[in-house]
Amino acid sequence: MTPPPARRRRSGPPERSYPRRGSVRRAQMITTYGVGSMVAVDNESFMVTGTDSWNVTDAPTIFEHRLARVLGVKSFRLPPASDDTSKDGIHVRRFPLWHSCPKCTVLQHVRRFNSPAGKNECGECEEDLVPSRFVMACGRGHIDDFPYWKWVHRKNRQEGETGLCGGEMRLRTTGKTASLRSILISCTCGVPEVSMEGAFSRNALSDLKVFCTGKRPWLKDAPIDPCSERPRTLQRGSSVAWQPIVRTALSIPPYSDEHFVKLQADLDALRELHQAGNEQGIEIYLKAIAMREKYEFSEAKVIALLEAENHEEADSEGETSSDSAFVRLRKQEYERLVAGQSEKGTGREDQFVCEHPLSSPTALTSLGVTGPMLVKRLREVRALKAFSRVDTPENRTDVHEAALSLEELDWLPAMEVQGEGVFLRLDEERLESWAHNVAVAARADRVRSNHLRTMRERAQDPDSVPDSPATPRMLLLHTLAHALINEWSLDGGYPAASLRERLYAGDGMAGILICTATSDSAGSLGGLVAQGEPQRLRSSLDAALDRACWCSTDPLCIESEGTGAGGLNMAACHACVLLPETSCEYGNGLLDRALLIGTPEDPSIGFFSDALSR
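What you see is a predicted model, and the numbers here were worked out from it, not measured in a lab.

**Student:** Help me get a handle on the overall build of the protein, residues and values and all.
**Tutor:** On a plain count of helices and strands, the protein comes out with 17 helices and 20 strands. By the burial criterion, 50% of the 614 residues in the protein qualify as buried. Considering only contacts within the protein whose residues lie at least 6 apart along the sequence, 68% involve residues at least 24 apart. For the protein, the exposed area adds up to about 29,200 Å²; of that, 47% sits on carbon and sulfur atoms.

Structure, rendered in structure tokens:
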């Protein structure tokens, strides 16, 4: 990672060389260290700059037509990589700008330390400077340095307003405790020394008449964005200082077909020819590509794909929001997973293979599980759409999405994961009958009420809060997915964090896809697909349900009427069904294992209670 470089020039003076600051994995640029996040490199701290400053000339292009259409871009780009001699890569800027010296304890702007060229150290003590632990940010994504001067002089209102005291601030720690009370800030002007205790309260900065500055340091030359939000104090390493807003989609036919994977870069030209009705031009164009790719293309298949795109555009015209567009994506995936696609006749570069198991699924009938499918080849694209601060998508529905760039770009940063998975469904008739149980509906309504209350409390406009997805169907499928992932982690040797759930719990859908979530060696060795064979899947389900019958925190867990943040769970805790949050689509919320196996007082509310009693 390097600071923003000058533009490339083919002639004239040599380009300025910038030092390499550090390195992260490409996947982390989507999930952990994306645009606007702060990255700690040795004793320094930097902020990743906007995508309009990235040099993506050599960065691979990722195509996923369905997801790109919903997000309003043409394609996706893998974050650029660079070596020690390259000027490409992700650019960063120093942030925060306030530093302290651990020896002389001076606290001031980094430029006032007179550091030697290329070093970040105190000009007097020759000690490495320490970036500020604290920043201030607001829910609209703006971020700035913590106002230390106003914090120290808060009891001297006159000097606090003028900002002129002539003193020098200092920061020291007593070392007695790890609390904020041990971090002391002082000024040589003579005001009393104060600690950082209370800096994280909701009104701490508002009481000092500190307002959001509207700064967006990740965007080069970004104008001040007027903002009326109340800023909050955050630690720069806090999880809410940067939360990615990631959108995902599976590659499904026809776009996953090897035939069209080779045409991805040429689809725009083919679309123009098709819209003009120039079939002869399509034929000539395909022949030219065939010579380049050394692959025989079918004109009929290409025209069928282009017509399918036109139908998809027509179907999406009535969508009023991006949420409905993503629901449509899920329905398309669900239909394809149910239909499957045989490995016979597919090419090496086909990105979707989903087959029925070799043995009969009758072993699963008594559990109410139908249609297990072995997803032997799977590709998932994860795109970074935006990010948020302070408020997270899990705790607020109307979270503000901070932009990744000032310019309107036709691409977004993304990564792809190729692996495998197991897809299974629940019997629709049995599921509907169970969901109408009065006790089942009451438990689901309790979770739904807690979820709606939490969303309204955290929303700017409580009347605009959408309905909660917490239905009996969704809670059951979600908890079953967690139970299976935990079981396969113990029995199959998979790390729980390497597996990921994908829920299909809307109208007419009752399925779960458990797939590999990483691109490492645990991704595509066939071990997960082997778990989907009916006999083995039955054993896994029996073991998972048996394990769910007892939790080490029972009876507190099974008798709970609301656990977790906002009471979004019922009978669910870290000792039974919770997972690493990267594996869960809902941040370990909306879970209730009682819907799997019932409660000691009322076993009938468990969907699988009858099977367990046998």
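**Student:** Talk me through the packing of helix 13 (residues 472-491) against helix 15 (residues 534-548); I want residue IDs and the actual numbers.
**Tutor:** The interhelical angle for the contact between helix 13 and helix 15, taken along N-to-C directions, is 105 degrees, at an axis separation of 9 Å. Taken together, the axis directions place helix 13 and helix 15 in an arrangement best described as roughly perpendicular. On helix 15, the residues touching Leu480, Ala483, Leu484, Glu487, Trp488 and Leu490 of helix 13 are Leu537, Ser540, Leu541, Ala543, Ala544 and Arg547. Residue composition of the contact of helix 13 with helix 15, grouped by class: nine nonpolar, one polar and two charged.

**Student:** Give me the environment of Val191: which residues, what numbers.
**Tutor:** Of note, Val191 is situated in the loop between strand 12 (183-187) and strand 13 (194-195). For the pair formed by Val191 and Gly167, sequence separation is 24 residues and the distance between their alpha carbons is 9.5 Å.

**Student:** Account for the pattern of salt bridges, with residues named and values stated.
**Tutor:** Counted under the stated rule, the structure contains 25 salt bridges. Salt-bridge contacts for Arg502 lead to Glu380; the nearest nitrogen and oxygen are separated by 3.4 Å. Of this pair, Arg502 sits in strand 19 (residues 499-504) while Glu380 sits in strand 17 (residues 369-388), and the two are 122 residues apart along the sequence. According to the relative accessible area criterion, Arg502 is buried, its value standing at 3%. Residue Glu380 is classed as buried on the basis of its relative accessible area, which comes to 4%. Linked through salt bridges whose partners overlap, the residues forming this network are Arg66, Glu333, Glu380, Arg382 and Arg502.

**Student:** Explain helix 12 (residues 438-458) residue by residue, including any values.
**Tutor:** An α-helix turns once every 3.6 residues. As a result, residues three or four positions apart point the same way. End to end, helix 12 covers 30 Å across 21 residues, agreeing with the expected 30 Å (1.5 Å per residue, within 8%). Burial in helix 12 covers these residues: Val440, Arg443, Ala444, Val447, Asn450, His451, Leu452, Thr454 and Met455. Next to the buried residues of helix 12 lie helix 11 (428-435), helix 13 and helix 16 (594-597). Among the residues of helix 12, the N-terminal cap falls to Asn437, whose side-chain oxygen and the backbone nitrogen of Ala439 are separated by 2.8 Å.

**Student:** Provide a residue-level description of the packing of aromatic side chains, including the pertinent values.
**Tutor:** Under the criterion given, the structure shown has 13 aromatic pairs. Summarising the aromatic geometry, the rings of Phe146 and Tyr148 are spaced 4.9 Å apart at their centres and angled 70 degrees between planes, so their arrangement reads as edge-to-face. The residues Phe146 and Tyr148 share a single accessibility class, namely buried. Considering the side-chain rings of Phe607 and Phe608, the 4.9 Å spacing of their centres and the 80 degrees angle between planes classify their relative orientation as edge-to-face. Classification of Phe608 as buried rests on a relative accessible area of 0%. Each member of the aromatic cluster is reached from another via a ring pair, and the members are Trp98, Phe134, Phe146, Tyr148, Trp151 and Phe200. Lying over the aromatic face of Phe326, Arg247 brings its terminal NZ or CZ to 5.5 Å of the ring centre. The ring of Tyr504 is capped by Arg330, whose NZ or CZ atom sits 5.7 Å from the centre of that ring.

**Student:** Explain the confidence of the model for the protein to me, using residue names and the numbers behind them.
**Tutor:** Here the protein shows a mean pLDDT of 85. Residues at 70 or above account for 89%. Within the model, the stretch residues 2-16 combines pLDDT values under 50 with 27 contacts to residues more than four positions away or in other chains.

**Student:** Tell me about the sheet that holds strand 1 (residues 38-41), and name the residues and values.
**Tutor:** Taken in spatial order, the three strands line up as 1-2-5 in an open sheet, and their pairing is antiparallel. Each edge of the open sheet carries a strand with a single partner, namely strand 1 and strand 5 (92-94). Neighbouring strand axes in the sheet, compared pairwise and without regard to direction, differ in orientation by 40 degrees on average. Summarising the sheet, strand 1 and strand 2 (residues 44-48) pair through four bridges and their orientation is antiparallel. For Ala40, the partnering residue across the bridge sits in strand 2 and is Ser45.

**Student:** Give a detailed account of a negative patch on the surface, specifying residues and quantitative values.
**Tutor:** Side chains of Asp42, Glu126, Glu127 and Asp128 sit close together on the surface and give a patch of like negative charge. Assignment of secondary structure puts Asp128 in the loop between strand 7 (107-109) and strand 8 (130-131). On the basis of relative accessible area, Asp128 is assigned to the partly exposed category, the value being 42%.

**Student:** Talk me through helix 13; I want residue IDs and the actual numbers.
**Tutor:** Between its first and last C-alpha, helix 13 extends 28 Å over 20 residues, near the 28 Å set by a 1.5 Å rise per residue. Burial runs high along helix 13: 17 of the 20 residues are buried.

Reading the values: rules and limits
Note on numbering: residues in each chain are counted from 1, in written sequence order. Totals for whole chains, interfaces and linings use all residues, but because this is a predicted model, local features are given only for residues with pLDDT of at least 70 and pairs of side-chain atoms are given and counted only at 80 or more. Side-chain numbers come from the whole structure's heavy atoms, not from hydrogens or water. Starting at the N terminus, helices and strands are each numbered in turn, a helix being any DSSP run of H or I of at least four residues and a strand any DSSP run of E of at least two. Burial classes: relative accessible area under 20% of the type maximum marks a residue as buried, over 50% as exposed, and values in between as partly exposed (1.4 Å probe, protein chains only). Whether two residues touch is decided by their heavy atoms; if any such pair falls within 4.5 Å, the residues are in contact. Exposure was quantified through the Shrake-Rupley algorithm and a 1.4 Å probe, taking into account, for residues, occlusion by the shown protein chains and nothing else. Axis definition: a line fitted to C-alpha atoms, over the contacting stretch in the case of helices. Angles run 0 to 180 degrees between N-to-C directions. Orientation categories follow fixed angle ranges, with anything under 35 degrees roughly parallel, anything over 145 roughly antiparallel, 65 to 115 roughly perpendicular, and all other angles oblique. Residue polarity is assigned by list, with Asp, Glu, Lys and Arg as charged and Ala, Val, Leu, Ile, Met, Phe, Trp, Tyr, Cys and Pro as nonpolar; anything else, Gly included, falls into the polar class. We define a salt bridge as a contact between a side-chain nitrogen of Lys or Arg and a carboxyl oxygen of Asp or Glu at a distance within 4 Å. Here the expected span of a helix is defined as 1.5 Å times the quantity of residues minus one. Two N or O atoms count as a polar contact when they lie within 3.5 Å, although within protein this holds only if one can serve as hydrogen donor and the other as acceptor, and sequence-adjacent residues are included solely when both atoms are side-chain atoms. Only Phe, Tyr and Trp rings take part, Trp by its six-membered ring, and two of them pair if their centres are within 6.5 Å. Stacked means planes under 30 degrees apart, edge-to-face means over 60, and tilted covers everything else. Only when the NZ of Lys or the CZ of Arg is both within 6 Å of the ring centre and within 35 degrees of the ring normal is a charge said to sit over the ring. The predictor's confidence in any single residue is recorded as pLDDT, a number from 0 to 100. Pairs of strands are assigned from DSSP output, requiring at least two bridges between the strands. Think of a patch as exposed residues, more than 30% relative accessible area, with no salt bridge, where like charges cluster within 9 Å and nonpolar side chains (Val, Leu, Ile, Met, Phe, Trp, Tyr) cluster within 5 Å. Charged-residue counts in this description rest on Lys and Arg as positive and Asp and Glu as negative, His and the chain ends being excluded. To locate a charge, take NZ of a lysine, CZ of an arginine, CG of an aspartate or CD of a glutamate.

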